[in-house]
Each structure stands twice: as C-alpha cells, then as structure tokens.
Amino acid sequence: MGRKLDPTTYVKKGPGRKSRKQKGAETELAKFLTDGGRDLLPIERAARKQKKLQEAMGQESDDDDDDDDDDEKGKSGDEDVDEDDTVQANIDEMDKFILPGAEEIAKEGVLLVDLQTIHQRIKDNVDVLSNFATKREEGKERTEYLSLLKKDLSTYYSYNNFLIDKLLDIFPVSELIDFLEANEIQRPVTIRTNTLKTRRRDLAQALINRGVNLDPLGKWSKVGLVIFDSSVPIGATPEYLAGHYMLQGASSFLPVMALSPQEGETVLDMSSAPGGKTTYMAQLMRNTGVIVANDASADRLKSVVGNIHRLGVTNSVICNYDGRQFPKVMGGFDRVLLDAPCSGTGVISKDPAVKTSKDESDIQRLAHLQKELILAAIDSVNAESLSGGYLVYCTCSIMVEENEWVVDYALKKRNVKLVQTGLDFGKEGFTRFKERRFHPSLKLSRRFYPHSHNMDGFFVAKLKKFSNTVPTTAVDKGKVDVILDLINHNALSSVMETPLAVEVTADSSDEDGPSKAGSKNKSKKQKPVPGKPAVSQKATANGKPAKSKKTTNPSTLKKSEKPTGPKKAKIAKMDGGTVKVDGELKKSNTVKTEGETTKESKEGSRFEKKGDKQRKSPMQSKKRIGKNKFNKLKKLLKKEEVVQ
C-alpha cells in the first residue's frame, strides 16, 4: 500500500523542472550582462565590449604610447563632435515646417486624407505660429499659415469654417487646440446632493455601498459629487428615486451660487427647464419664500414638475409664459435668474451637432432674443428690495455676441451695474473684442472653459438694479426709426397741403384783372403740386384775356377739369375774363340783362363760401359752367358787336 496522506497537513514542494531550467537560464544570462545591460541593444553591448578592450590595451602600453593614444582620442573626439553637429543640423532641417504647395493641397482634396499627417501638420503649424519670428519660412506671411491651420482644424475636428474663425478670435492658437481636444472628451458625471432630504456624507456612503466610485466635486462646492464609475445606473438608484440627489452638470451650480437667494425672498427663474437650478435655489432657501419657475416650452415644464415633486420642493410656482412678456404678467422680484437660450458652443462634448449646424444668422438671431430677455428680466426685478435687486445672466455659450455684448447692451438700456459674482475661480470677461469696446466693469463677469476648469463652457454675470425708472435712451432704435418716419411723413403731408390751400384761397379770392392773375400763375409754376399738372396749365390760360373763347371749349373743359379747389377758382376767372375782354366790352357791361346780373350775384356768393373754405360737391361745380351758360355769353357778345 502506498503512503497515507494527511489532508490536514500541507507540505510545500520545491520548484518544478521547468522553473528550475528557467531560473538557471536567467542566472547564466546575468553573467554576460552588466548592470542595466538588459535595456541595451546588441550594437550598444558590442560598443561597450570594444571600449573595455581598448582600456585593457591602454594600460599595458608605455607612456609614449599613452600620449599617442591621447592624440588619437582627441582627434576621434573632434570627429564625434563634428558628427553630432551634422546630425543636429539635419534634425533641425527636418523639423522646420514647410507650407505645402497648391498642388499638394489640390491632391488632398481628391485623394483620401490621412488624419495622422494632418494632425502632425497642425502641431508643426502651431509651433511655427507660436514662434513666428524665428521659425517661419522666408517669404511666407502669417495669414498663409493661419489659412492652412483653419483648413486642417476644420478637417481634423469636423467643424465648419464659421465656428473655427470665431474660436480663433477668442482663443490663442495654442489654447484653441486644447479647447478642441477637450470637446472630444466627455465631462465627468456630477450629482448635486439634495440637502432638503439628506447630507452629502450620508449620500456618499450610501452610493459607495452600492459600488459607486466617487469623490467630492471641489472645495468651491459643498453639495457636489463626481462619479468616476459605477456598477449600478446612477439615474435609477433608490437614492435617486427618493430625491436624495439630482444629476446636474458642475457648470450649472455656478449661476445659483452667484445669485445666492436668501430665505423668504421671491425669486424668478425665467427659463427653468429641466429644474436643476430651480431645485438648487429651493434647497438654499430651505423651502421658504416663493420661487416662480417659468419656461416658454410647455413640454419641457413636465420635467420641472417631476423633479420638484421628487426632490420635495414646496415653495415653487410653475408657469408657462414667453419670457419677453413676463413683466406684463408680474414683477417686483427680489432676485431673477436668466439662463438664456444660446448656441450651445460651450457644450459641444454633449451635442457634437453644434460643430456644423451653427452659422452667423443663428448667432445674431439668438443674440437679439437674449437682449429682449435680459431687458424683460431687469424689468421684473424690484430695485427697492431690501435684500435683493439682483439679476444673474448666464449662458452655456462662449461667443462674445451672446455674452459680453448682451450685458453691455443691458448696461446702456437700464439702470443696472455689474457686481462681483462671488465665484473664486474662472476667467474674467472681455472688455474689448476685435474692434468693439465694452464697459470696463465687464471684467467682473466670469468665463469657464472645458480645457481650463474641466466643466462645460459657461458665462456668468451678476447685475444689481439701482433704479426702477427706465432711462429715456432705453427706447429701441427700431421704434425711434418708426417714430421719425411717422413725424417726417406727417410733416411732408402738411407741407404738401399748406401751399395748396394758399393757392386755392389766392385764386378764389382774386377778382382783379389779368395782370394779377398772371403774377399768381408764375408763383404756381415755382411751386408745382405733384400729381396735378393741369392746375398750372389752366392757370396760364386764365392769364390770356384775348383767347378766352378757344380756352373755354366745353370739350376740353370736361377732359381736364377735376373736382378740386384750384380749378373752381380758375372758372371764376374765366367768367370775369370773358366779360372783361377789351375796353369795348366794358360798355356792354353797363347794359346787363337780368340773367347776367343773377349770374354775377351767384358767382359772388360762391367766392364768399370759398373764402370760408366750404366747398361744394363735384357735380355742383360742373353745373356752374355748362354749355348753356357758355352759349348765352357767346350770344350776348355777338349781339353787342352787331349793335356797335
């Protein structure tokens, strides 16, 4: 029988045959290798062995031989130095960046693009632009390097040309690469502890027990936690469903911290969806006071309602109004938070579609909307509030047109001033950008970038309202233009009407001879009335006494006559002119028939009514001079001529 083994006792056995062979091979190899020899290449080991042989031969030689060897070593050392210099020169020549020609760029447009080559070219181009005076190619200008860099950045990072141009205006070249690289990486997941229901320490311990790897967000936040990895879904844990925390980006903490709402105040969140900032304000106010959570989108308000119920917020009122019209609904708030809709250029890592979907028209349209919203938000603030009177304006964009430009516009249109945000970190806002100059106090605003602060790009500005009155210069330019147009139009119409009235009264009130009529006709030629050329022509006809018969043709009168004031005056002159044609006809005026006397009395009454500016209808004016009256006058003249 074999040996009986006791299972309770374990005897440690030695290494096996294979392990012993391996160990022996390693010890044998160690004999041939010196210290650190395992890291040397075969050619390096051979060079070291040759060097040892030379040292051994040198010790056995005489002093003369030593001198000769020293000379030879000096020569060889000089040769080595020369070789090193040539190698370094070759490396410098290889490192020097040369702009590609037009043919190479044309080939790149046809053939497949090698991204590794473009990435290396971007690095070399940035290096040249950083030290342009020393590393540039002779005869090449900076614009050529920049145009190539824009093209390569658009190709490598998949941005449109418009956005690359805008980013180059904001960042230096080296910092732009860091920004673009940061947008390719997702920001860390952060959560905000709901202090209405738990403490951050208890929440962290509960999540660690569920297999979540987390850390505090930073010294600047007392409620934030960073999630590195998790074995359970963060948005479906029992703690999340119980309302112990809220999934919220780190940059969204900043505007609420800057606003710093106090207990018992009335606060307006003008664009509240999805409710992260609203619930954060509620926990800072400890469910006291009133928070009005407004949003223009009714669909997005559903998420606000859900988060408010889940987190246990009880001091909020939800409403659905256009923010631009909100001052007409209610006002008098102690503090207002405006997270304005923007282009989203600070959250490209979350929404890569922004790289190619935005252009100049989008930026201008959003900037116009933001200017309207910030004026409405300022009008909703009560400047006489004892504890407040503050407004925080923020966007998730890094464009100057949507940030400093809008705030500078508000400073000019309302009685507000910029104050400290209370945030200890972040970069200062721009006070000058390209050709524009902003208010110097804009350096109190804060900018946050993904490559600098490891959070989404954000802009925060805090304003203090010191008067509820609206300055007189606060009228929109468009409204001023409309008002000026109306004023000019009214003035023009009044100018058009006044000379016309003067001419009517002058012509109608004049009953003298043809000389005065001619002088007044000249004044009419100097002031023509647009659209009424017949007036001046007929007025000149009135000034011709000898040709009254030809000018008073009834067919021509019907065609050119219009029911206007000056034409009636002309008719009166024709009647007087036909009666007073020559000196011979003056005698006939003494012998007047009853029809003529009644006609003259009627004409006199007509002049009196015109003096009082009482015009008759066009039909009545046509009846005054008809064919019958003209024929009667004609017959009277013929009779008088026969009598004479």
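Residues numbered from 1 in each chain as written. Predicted model: local features only at pLDDT ≥ 70, side-chain atom pairs only at ≥ 80, totals over all residues. Heavy atoms only, no water.

### Structural notes on the nonpolar core
Alright, step 1. By size, the foremost hydrophobic cluster in this structure holds 59 residues, and its most contacted members are Leu153, Leu338, Leu391 and Tyr393.
Alright, step 2. Looking at this core, the element that brings in the most residues is helix 8 (residues 161-170), giving six residues.
Alright, step 3. No fewer than three residues from each of domain 1 (97-184) and domain 3 (250-465) sit in this core.
Alright, step 4. Not counting chain neighbours up to four residues away, the residues in contact with Leu391 comprise Val336, Leu338, Ile374, Ala377, Ile378, Val381, Ala461, Lys462 and Leu463.
Alright, step 5. One finds Leu217, Leu259, Val392 and Leu423 within the second-largest nonpolar core, a separate group that totals 32 residues. (Core = buried A, V, L, I, M, F, W, Y, C linked by side-chain atoms within 4.5 Å. Buried < 20%, exposed > 50% of the residue type's maximum accessible area, 1.4 Å probe, protein only. Helix = DSSP H or I, 4+ residues; strand = E, 2+ residues; numbered from the N terminus. Domains from an automatic or database assignment. Contact = heavy atoms within 4.5 Å.)

### Details of the environment of Gly224
Alright, step 1. Among the secondary structure elements, Gly224 is positioned in strand 3 (residues 224-230).
Alright, step 2. Gly224 sits in the buried class, given a relative accessible area of 0%.
Alright, step 3. For the pair Gly224 and Gly249, spaced 25 residues apart in the sequence, the C-alpha separation amounts to 9.4 Å.
Alright, step 4. Among all residues touching Gly224, those that are not within four sequence positions of it are Ile191, Arg200, Pro216, Leu217 and Phe253.

### Observations concerning the packing of aromatic side chains
Alright, step 1. Taken as a whole, this structure holds 13 aromatic pairs when the rule is applied.
Alright, step 2. A centroid spacing of 5.0 Å and a plane angle of 70 degrees characterise the contact between Phe171 and Tyr449, whose relative ring orientation is edge-to-face. Taken together, the positions of Phe171 in the loop between helix 8 and helix 9 (173-183) and Tyr449 in the loop between strand 14 (446-448) and helix 19 (450-453) put the pair 278 residues apart, joining distant regions of the chain.
Alright, step 3. The exposure class assigned to Tyr449 is buried, which follows from its relative accessible area of 3%.
Alright, step 4. Grouping aromatic residues by their ring pairs yields a cluster made of Trp220, Phe253, Tyr280, Phe425 and Phe448. (Phe/Tyr/Trp six-rings, centres within 6.5 Å; stacked < 30°, edge-to-face > 60°.)

### Looking at helix 5 (residues 115-130)
Alright, step 1. For helix 5, which comprises 16 residues, the first-to-last C-alpha distance of 22 Å matches the rise-based estimate of 22 Å (1.5 Å per residue) to within 8%.
Alright, step 2. The complete set of buried residues in helix 5 reads Ile118, His119, Arg121, Ile122, Asn125, Val126, Val128 and Leu129. (Expected span 1.5 Å × (residues − 1).)

### Focus: the environment of Gly429
Alright, step 1. Within the secondary structure, Gly429 is located in the loop between strand 11 (427-428) and strand 12 (432-433).
Alright, step 2. Accessibility expressed as a relative area gives 8% for Gly429, which makes it buried.
Alright, step 3. In contact with Gly429, other than residues within four places in its own chain, are Glu404, Leu442, Lys443, Ser445 and Arg447.

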